[in-house]
Amino acid sequence: MVKSTSKDAQDLFRSLHSAYSATPTNLKIIDMYVVFAVFTALIQVAYMALVGSFPFNSFLSGVLSCVGTAVLAVCLRIQVNKENKEFKGLGFAGEFDSRQYALVLLGLVHRDCELGMGINWSLFPTANTIN
Amino acid sequence: EANMMNLSRSVALISLFLLPLLSFSFSVDNPTDRRVLVLLDDLSLKSSHSIFFSTLKSRGFDLDFKLADDSKLALQRYGQYLYDGLIIFAPSTERFGGALDSKSIADFVDSGRDLILSADTSASDLIRGIALECGVDFDEDSSAMVIDHSSFSLSDGDHTLIAADDLVKSDVILGKTKIEAPVLFRGVAHSLNPTNNLVLKVLSASPSAYSANPSSKLSSPPQLTGSAISLVSVMQARNNARVVISGSLQLFSDRLFRSGVQKAGSPNKYEKSGNEQFATELSKWVFHERGHLKAGSLVHHRVGETDEPAIYRIKDDLEFSVEILEWSGRSWEPYVADDLQVQFYMMSPYVLKTLSTDKKGMFHTSFKVPDVYGVFQFKVEYEKLGYTTLSLSKQIPVRPYRHNEYERFIPTAYPYYGACFTTMAGFFVFSFVYLYHK
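The structure contained in this document is the topic of the report that follows. Keep in mind it's a predicted model, so treat the numbers as computed, not measured.

So, the overall build of chain A
- In terms of helices and strands, chain A carries 5 helices and 0 strands.
- The helix and strand sequence of chain A, counted from the amino end, reads α-α-α-α-α.
- Taking as baseline every contact in chain A between residues at least 6 positions apart, the subset at least 24 positions apart corresponds to 66%.
- When the accessible area of chain A is evaluated, it comes to approximately 8,500 Å², of which 73% is carbon and sulfur surface.

Considerations on the pairing of strand 15 (residues 230-236) of chain B
All names here are of chain B.
- Counting buried positions along strand 15 yields 7 of 7 residues, so the element is predominantly enclosed.
- Summarising the sheet, strand 13 (residues 199-204) and strand 15 pair through 5 bridges and their orientation is antiparallel. Directly across from V199, in strand 15, lies its bridge partner M235.
- The pairing of strand 15 with strand 16 (residues 242-246) spans 5 bridges and is classified as antiparallel. Note that in strand 16 the partner of M235 across the bridge is V243.
- With antiparallel pairing between neighbouring strands as the criterion, strand 15 and strand 16 make up a hairpin whose turn holds 5 residues, including N240 at a positive phi of roughly 70°.

Description of the packing of aromatic side chains
All names here are of chain B.
- Applying the stated criterion to the full structure yields 30 aromatic pairs over all chains.
- Seen from their ring centres, Y350 and F376 are 5.3 Å apart, and the 75° between their planes marks the pair as edge-to-face. Taken together, the residues Y350 in strand 24 (residues 349-354) and F376 in strand 27 (residues 374-382) connect sequence positions 26 residues apart.
- Residue classification places Y350 among the partly exposed residues on the basis of a relative accessible area of 38%.
- By the ring-pair criterion, three or more aromatic residues cluster together here, those being F320, F344, Y350, F367, F376 and F378.

Side note on the interface of chain B and chain A
- In this complex, chain B contributes 25 residues to the contact, which on the side of chain A involves 35 residues.
- Where chain B abuts chain A, roughly 2,800 Å² becomes buried across the two surfaces, and 74% of that area is made up of carbon and sulfur atoms.
- When residues of chain B are sorted by the area they lose upon contact with chain A, B:Y416, B:F430 and B:Y434 head the list and together hold 28% of the total.
- The interface formed by chain B and chain A includes 1 residue pair in polar contact (both at pLDDT 80 or more).
- Across the side of chain B that touches chain A, the residue classes tally to 17 nonpolar, 7 polar and 1 charged.

Let's talk about the packing of helix 2 (residues 25-51) of chain A against helix 9 (residues 414-436) of chain B
- Relative to each other, helix 2 of chain A and helix 9 of chain B sit at 180°, their axes nearing to 11 Å. Our classification of the angle between helix 2 of chain A and helix 9 of chain B gives roughly antiparallel. Within the contact between the two elements, helix 2 of chain A uses A:N26, A:I29, A:I30, A:Y33, A:F36, A:T40, A:Q44, A:Y47 and A:M48 and helix 9 of chain B uses B:P415, B:Y416, B:A419, B:T422, B:T423, B:G426, B:F427, B:F430, B:V433 and B:Y434.
- Here the contact of helix 2 of chain A with helix 9 of chain B is composed, by residue class, of 13 nonpolar, 6 polar and no charged.

Section: the sheet that holds strand 28 (residues 390-399) of chain B
Residue and element names in this part refer to chain B.
- Here we have 5 strands laid out as an open sheet, ordered 20-28-27-23-24, and mixed in their pairing. The open sheet is flanked by strand 20 (312-313) and strand 24, the only strands paired with a single partner.
- As defined by bridge partners, strand 20 adjoins strand 28 across 2 bridges and the pair is classed as parallel. Residue pairing in the sheet places Y312 in a bridge with V398 of strand 28.

Considering a nonpolar patch on the surface
Residues and elements named next belong to chain B.
- A cluster of nonpolar side chains, contributed by F428, V429, F432, V433, L435 and Y436, occupies part of the molecular surface with about 610 Å² of accessible area.
- Note on placement: Y436 falls in helix 9.
- For Y436, a relative accessible area of 63% gives the class exposed.

Rules behind the numbers
Residues numbered from 1 in each chain as written. Chains lettered and ligands numbered in written order. Predicted model: local features only at pLDDT ≥ 70, side-chain atom pairs only at ≥ 80, totals over all residues. Heavy atoms only, no water. Helix = DSSP H or I, 4+ residues; strand = E, 2+ residues; numbered from the N terminus. Contact = heavy atoms within 4.5 Å. Areas by Shrake-Rupley, 256 points an atom, 1.4 Å probe, with all protein chains shown as cover. Buried < 20%, exposed > 50% of the residue type's maximum accessible area, 1.4 Å probe, protein only. Pairing = 2+ DSSP bridges. Phe/Tyr/Trp six-rings, centres within 6.5 Å; stacked < 30°, edge-to-face > 60°. Buried area = accessible area lost by both parts, 1.4 Å probe. Polar contact = N/O pair within 3.5 Å; in protein donor to acceptor, adjacent residues only side chain to side chain. Nonpolar A, V, L, I, M, F, W, Y, C, P; charged D, E, K, R; others polar. Axes fitted to C-alpha atoms, helices over the stretch in contact; angles between N-to-C directions. Parallel < 35°, antiparallel > 145°, perpendicular 65-115°, else oblique. Patch = residues over 30% accessible without salt bridge, like charges linked within 9 Å, V, L, I, M, F, W, Y side chains within 5 Å. Salt bridge = Lys/Arg side-chain N within 4 Å of Asp/Glu carboxyl O.

This is the structure we're talking about:
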């Protein structure tokens, strides 16, 4: 029984691998980027687990910017994937431009968080301003 | 006639110039007393205590001798005090003449003026009442005297002439030179309330002394015994007025000043008792010739600046200094001490530092403002034995960090900053790769 399950697992893995190799290159590039972004987010979570959550806002900005860019990359992949029937006619440039715009906004918000509260500073002191 | 006119005009002119110099009382710049009223119940005291009075006169005091029941006695006229100091050598007076009574004497001390009060083998209720106002309790038994069977002077027969050497250890009150010979004392005992921190025993009785009637047999154990008996005490009021209360008038007399001393049981024989030195040094202290401090203003500023800021920020480095001078009897000298402290105080001292001195009267220190914001005070509270009390304070607010005074980049967050930048770089690279791959 054990031998058959391991053989099943191996068969499963091989079939997944072969199916994945068939995907187009541009999708693979997006997948790599998603993995990179999620990996960066996971590293930050591990670091926070080690040293504690100070400064929490920096942690949030780091993690959420990584996760956000991963999510937007996934959206791009869905739109670009030719096997999805409902996304026709937008044209190649449209999806990418809208994604870029979203990413610029994301970067702005994230930079606010990481570099010490920025616009928020003058409105109200966050937890990190009280020592 | 012209000569007379010129003379009177020149006299008027000269007196106009001399007027500021004729300061008849003590002032802030010159705290030693000038005019002293001496109340005696018997004018023969002038001659029997002449050495004491002449040492006072030789130091510049203006002594005014009056009988205690003189009907023209007055301490004030038109609201101004006529005298800076009062010596009451009238132990048997029941009532003062003129405008004097125990209340007016209490007001006299309350105004910051000094008093020497002495009882003798008897003390009237009036004298006891004045002493009680100053925190000193004479023995209730009016016939009791201090008797000591082991510390008496060998020249006396009935052990009432005490040879006391238990002096308070204070260079301010008793002078730098140690009083070698014992001090002769014959008089009544008094005690001090132990919770009263304004009075102090200058000359205490030995542990074998007690207060009882020397001519009658003791029927019950005496109430006042041992070192609880004080022979001479001083009081420094909160307004720095000084009072000396002695149980013996004979202590100040010429006879005891000149007599030799040998304490019973001790082989040392002294040619001259310690009385004259004791009385002289004590009179220097009580009339503010010694131990009188004056403080200049408190100066504080940030390290590296010279102006005093209106507000400090938490964790600022600041420097604090104050100038303290001591009156030498003739001039203001720099005060030298190593136990002056400053507090940075808001309901309780957050910082307490001992000030260091440059021996020229300036005391300084520096410290970091604590991590608490609020309205603080620099406080110097100095109460050293025998010196005037210093109570100085200066208020200063302390504010927290402004929003742009925090550290710009937090070192713990460097990985997060790094993650953001790698995400940006990654996106840049990805967009190139994605758009231009083939």
